[in-house]
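# Summary of structural features
The chain contents come next:
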Amino acid sequence: MEAAAKEEISVEDEAVDKDIFKDCSQIAFYRRQKQQLSKKSTYQALLDSATTGKDSTKFQIINEVTKVPLLAEVYGMEGNIFRLKINEETPLKPRYEVPDVLTSKPSTVRTTKENEEDASTDTSQQNQEDLGLWEEKFGTFVDVKVNGPASVGLDFSLHGFEYLYGIPQHAESHQLKNTGDGEAYRLYNLDVYGYKIHDKMGIYGSVPYLLAHKLGRTLGIFWLNSSETLVEINTEPAVKYTLTQMGPVAAKQEVRSRTDVHWMSESGIIDVFLLTGPTPSDVFKQYSSLTGTQAMPPLFSLGYHQCRWNYENEQDVKAVDAGFDKHDIPYDVMWLDIEHTEGKRYFTWDKKRFPNPKRMQELLRNKKRKLVVISDPHIKIDPDYSVYAKAKEQDFFVRNHEGGDFEGVCWPGLSCYLDFTNPKVREWYSSLFTFSAYQGSTDILYIWNDMNEPSVFRGPELTMQKNAIHHGNWEHRELHNIYGFYQQMATAEGLIQRSKGKERPFVLTRSFFAGSQKYGAVWTGDNTAEWSYLKISIPMLLTLNVTGISFCGADVGGFIGNPEAELLVRWYQAGAYQPFFRGHATMNTKRREPWLFGEEHTRLIREAIRERYALLPYWYSLFYRAHVASEPIMRPLWVEFPDELETFGVEDEYMLGSALLVHPVTEPKATVVDVFLPGPNEVWYDSKTFAHWEGACTVKIPVALDTIPVFQRGGSVVPIKTRIGKSTGWMTDFPYGLRVALSTKGSAVGELYLDDGHSFKYLHQKQFLHRKFSFSSGVLTNSCADESGHYPSECVVEQICVLGLRKQPSSVTMHLSDGNDQSVAFTYCARTSTLNLERLSLNIGTDWEIHIK
């Protein structure tokens, strides 16, 4: 959500002040590591020290200059994963090892022989101030390091690889760039208002995980470290050249491409996982086996969310809610920002603006809608505020290095910060969401965690001092990037406990880490109402998806500034095809509810949102696949087409699941877009006109303001809803349609996942339906994809559209499971090769066949 401090930056200022934030040259451990890299490695592995135990092989690494011994452990793990841990053999003080991110103790397999990488730990004894060994200055801030320098680094050489992806969050291209310009990719969670695009500075979240891809192979490197981390990348492309030799013979020599990746972290140990693939889907499964899969969201959260800083009062909420109904625009969730509280005291309500929050929620409940409110990690210092008083009494706040409570300025003024790294604090925080504790809350209220990098307005780089002290006497520097992860964990657990373990939570967080996918959704933070921010949102979201976080989105319209009507329409069209779909705007912007830009623009926004709702069965099925099979929802083309070099750098279009290709329009006044349709053996259908193209070509698609270029892949079946309700809750029993797009071989497959949309019964009582649709040799079949699931549904398929049927059939017949056969009326369009079956009444949960002759 919000910006940096009003004291530091005006909330109307539309550009980040980079003087507030460090560049690499101002980071002491980076300078030290670079100095060390410039010298020959002084580390040597003592292979004769190697011992092989039940789980791992251990050996010593010695620094030949300082003689400090390091202990390396190599683990072979189930699923083609290797883990390397390097620590000091006898550390003066224990080094931090990141807890709670790995889903369980990974299963190991017996190892035999492994290669070592060049490792470095920071044990330099030099005293130059420039190296920042014992203190580091930035502006007026001094970071005192009582434990001295403790950075770690590791180099990887990836032979044959030129294409790397991952390590979010940066407002950068999907394919990682060389960092030879002196700016490494920085992973350090910061509140950067109106962040600069095409920049490698750290913003709100950090996932220290990258993927490398080449023809025939994908691999992943997961660097488990929660301190400030920098990643340098240097790619040397393949070259062919002629080597002149003595005499008349010239020999051709080929040099393979190579990418060197250098990881550097301020502290902690080296704990790195090599995910060996070999396919993209294998790597996704390997990573999720370590950090977990995307949480299965409640269905409502896949609808449209309406937010701004701030809806003023209960009357404003009622009027905006009514506006959606008046203009026939579906939406699911109303959001309230910080102004809904009593003086920015979370878990309270402003008595003048929101005197009767339960009545307001009842209004939304009657429309089958929900409410999301904000809860930030800073707690106003006020002895009369019960949350502060109880936390203070139990020593639940982060402490400063002198032992008192850490105090910093945020929205309420002077505040203390809950220490979410402490399990007791998380347990207590979770209890605050019970209905008895959170007065005025009901079971349709869900939570938004913001400012949890954490944001500290007068702190260094607008965050917490690194020498603040957490549970276990660990300095903040050790775990900075995992702070927000812990708040979302505690919030999600609180919402689950509130329902006695029955209901799925919904929690949006701004700050995140590896594994945050287990607890909810994230977004791209304080973007700006400019075309360039719409465009960059696509690679930003693709990067999040390939690093495990599928439930992500960008503020529609741009948080900062006032979008022109055309930009707003194009952003709604893009957002409708991205996983988390929320409109949001900062304070002092003009109101921008969808009906405020004239009748024509209202119609276009309505159409985009309605397209989202029509596709909800497909969206929900994709989330199920992400949840159980680790498949990203928004997929870069290289994931679906890993053997096509042309796809490796594409980031202006993407696959939604395996069936839909989306190319959002991101340029003003566009009349045509170039769409690359991959796959030499593929056929692609325009989802509106049903025109079709063979793959492996770029086509020029005319675009009016009402055009969203979406193409269905031949060989797929996409389930839709044929009618749209005011919200997802109204659509439970609405009929389905099937869009069957035939491949070049005349076949197609697809699936539908269905459950109650809100509880954990799908998990604990196997209350779900998982259906498989297949079309082959003129027969469309609906069959059970998972016999373990059972869920009664009265829903019917009432429409079937078959694309790419080359000739008009003579008859269409239904074969039902009870043995009844019935002929079906149909229409056929020779121009578009499309067969339409309507007014059907086929139960979605029973087996049946449609025969087309």
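Above this note sits the structure.
Residues numbered from 1 in each chain as written. Predicted model: local features only at pLDDT ≥ 70, side-chain atom pairs only at ≥ 80, totals over all residues. Heavy atoms only, no water.

### As for the sheet that holds strand E33 (residues 654-656)
Threshold: Only when DSSP finds a minimum of two bridges between them are two strands counted as paired. The helix count covers DSSP runs of H or I at least four residues long, the strand count covers runs of E at least two residues long, and both are numbered beginning at the N terminus.
If you walk across this open sheet you meet the six strands as E32-E33-E34-E39-E36-E37, and the pairing is antiparallel. Two strands bound the open sheet, and with one partner strand each, they are strand E32 (634-635) and strand E37 (692-694). Taken together, the three bridges between strand E36 (residues 683-686) and E37 define a ladder with antiparallel strand orientation. Bridge pairing in E37 places Tyr 685 opposite His 692.

### Quick word on unusual backbone geometry
Applicable threshold: Classification of residues uses two cut-offs on accessible area relative to the type maximum, computed with a 1.4 Å probe and protein chains only: under 20% is buried, over 50% is exposed, and between them is partly exposed.
Here the bond from Gly 277 into Pro 278 is cis, since omega is 15°, no more than 30 degrees from zero. In this fold, Pro 278 is placed in the loop between strand E18 (270-275) and helix H2 (280-291). Omega for the peptide link from Trp 309 to Asn 310 comes to 10°, which places this bond in the cis form. In this fold, Asn 310 is placed in the loop between strand E19 (304-306) and helix H3 (314-326). The phi dihedral of Lys 344 is positive, around 65°, even though this residue is not glycine. Looking at where Lys 344 falls in the secondary structure, it is placed in the loop between strand E20 (333-336) and helix H4 (357-366). The buried category is assigned to Lys 344, whose relative accessible area is 16%.

### What to know about the packing of aromatic side chains
For the record, the criterion: Paired rings are identified among Phe, Tyr and Trp, the last through its six-membered ring, by centres lying within 6.5 Å, and are further divided according to the angle between planes into stacked (under 30 degrees), edge-to-face (over 60) and tilted (the rest).
Enumeration according to the criterion identifies 47 aromatic pairs in this entry. Ring centres of Tyr 209 and Tyr 287 lie 3.9 Å apart, and the angle between their planes is 5°; this geometry places the pair in the stacked category. On the criterion of sequence distance, the pair formed by Tyr 209 in strand E12 (residues 209-214) and Tyr 287 in helix H2 is long-range, its members being 78 residues apart. A relative accessible area of 2% places Tyr 287 in the buried class.

### Quick look at helix H5 (residues 386-393)
Selection rule: Taking the helix axis as origin, the arc is that swept by the directions to the C-beta atoms.
When H5 is considered as a whole, its buried residues turn out to be Val 387, Tyr 388 and Ala 391. Buried residues of H5, viewed axially, fall in a sector of 95°; they line one side. Following H5 by one or two positions, Asp 395 adopts a phi angle in the positive range, close to 55°.

### Concerning the pattern of salt bridges
This is how it is decided: Whenever Lys or Arg places a side-chain nitrogen within 4 Å of a carboxyl oxygen from Asp or Glu, that contact is recorded as a salt bridge.
A full pass over the atoms with the stated rule returns 55 salt bridges. Here Arg 365 ties to Glu 362 by a salt bridge, and the two come within 3.4 Å at their closest N and O atoms. Of this pair, Arg 365 and Glu 362 are both found in helix H4, three residues apart, which corresponds to roughly one turn of the helix. Owing to a relative accessible area of 29%, Arg 365 belongs among the partly exposed residues under this scheme. On the basis of relative accessibility, which here comes to 36%, the residue Glu 362 falls in the partly exposed class. Between Asp 450 and Arg 510 there is a salt bridge, with the nearest N and O atoms lying 3.3 Å from each other. With Asp 450 in the loop between strand E25 (445-449) and strand E26 (469-470) and Arg 510 in the loop between strand E28 (507-509) and strand E29 (521-523), the pair connects residues that are 60 residues apart, well separated along the chain.

### Side note on the nonpolar core
Under the convention used in this document: What makes a nonpolar core is a set of buried Ala, Val, Leu, Ile, Met, Phe, Trp, Tyr and Cys residues whose side-chain atoms join them at distances within 4.5 Å. The contact definition used throughout considers only heavy atoms, calling two residues in contact when any of these lie within 4.5 Å.
In terms of nonpolar packing, the biggest core is built from 171 residues, with Phe 222, Leu 418, Phe 506 and Leu 656 touching the most fellow members. For this core, the leading source of residues is helix H9 (residues 531-546), giving 10 residues. Excluding residues that lie within four positions of it along the chain, Leu 418 makes contacts with Pro 377, Ile 379, Ala 391, Phe 396, Phe 397, Val 398, Val 425, Trp 428, Tyr 429 and Tyr 483. Listed in part, the 34 residues of the second largest apolar core include Leu 738, Leu 754, Val 824 and Leu 835.

### Considering the packing of H3 against H4
In helix packing, the relevant descriptors are the interaxial angle and the interaxial distance, both defined with respect to the helix axes. This is how the line gets drawn: For helices, the fitted line uses only the C-alpha atoms of the stretch in contact; every axis is such a line through C-alpha atoms, and the angle between N-to-C directions lies from 0 to 180 degrees. Any angle between 65 and 115 degrees counts as roughly perpendicular, while under 35 counts as roughly parallel, over 145 as roughly antiparallel, and the rest as oblique.
H4 packs onto H3 with a crossing angle of 5° between their chain directions and a minimal axis gap of 11 Å. Compared by their axis directions, H3 and H4 come out roughly parallel. Here Glu 314, Val 317, Lys 318 and Asp 321 of H3 come into contact with H4, specifically with Pro 357, Arg 359, Met 360, Leu 363 and Leu 364.

### Thoughts on H9
Filter applied, for reference: Take the number of residues in a helix, subtract one, and multiply by 1.5 Å to get its expected span. Axes are fitted to the seven residues ending at a residue and to the seven starting at it; the angle between these axes is taken as the bend at that residue.
Over its 16 residues, H9 extends 24 Å from the first C-alpha to the last, a length consistent with the 22 Å expected when each residue adds 1.5 Å. Of all the bends found along H9, the most pronounced is centred on Ser 537 and spans about 25°, while Pro 539, a proline, follows it within four residues. Within H9, 14 of the 16 residues are buried, leaving the element largely enclosed by the surrounding structure. Of the residues trailing H9, Gly 548 is marked for its positive phi of about 95°.

Everything listed is a geometric property; what it means functionally is a separate question.
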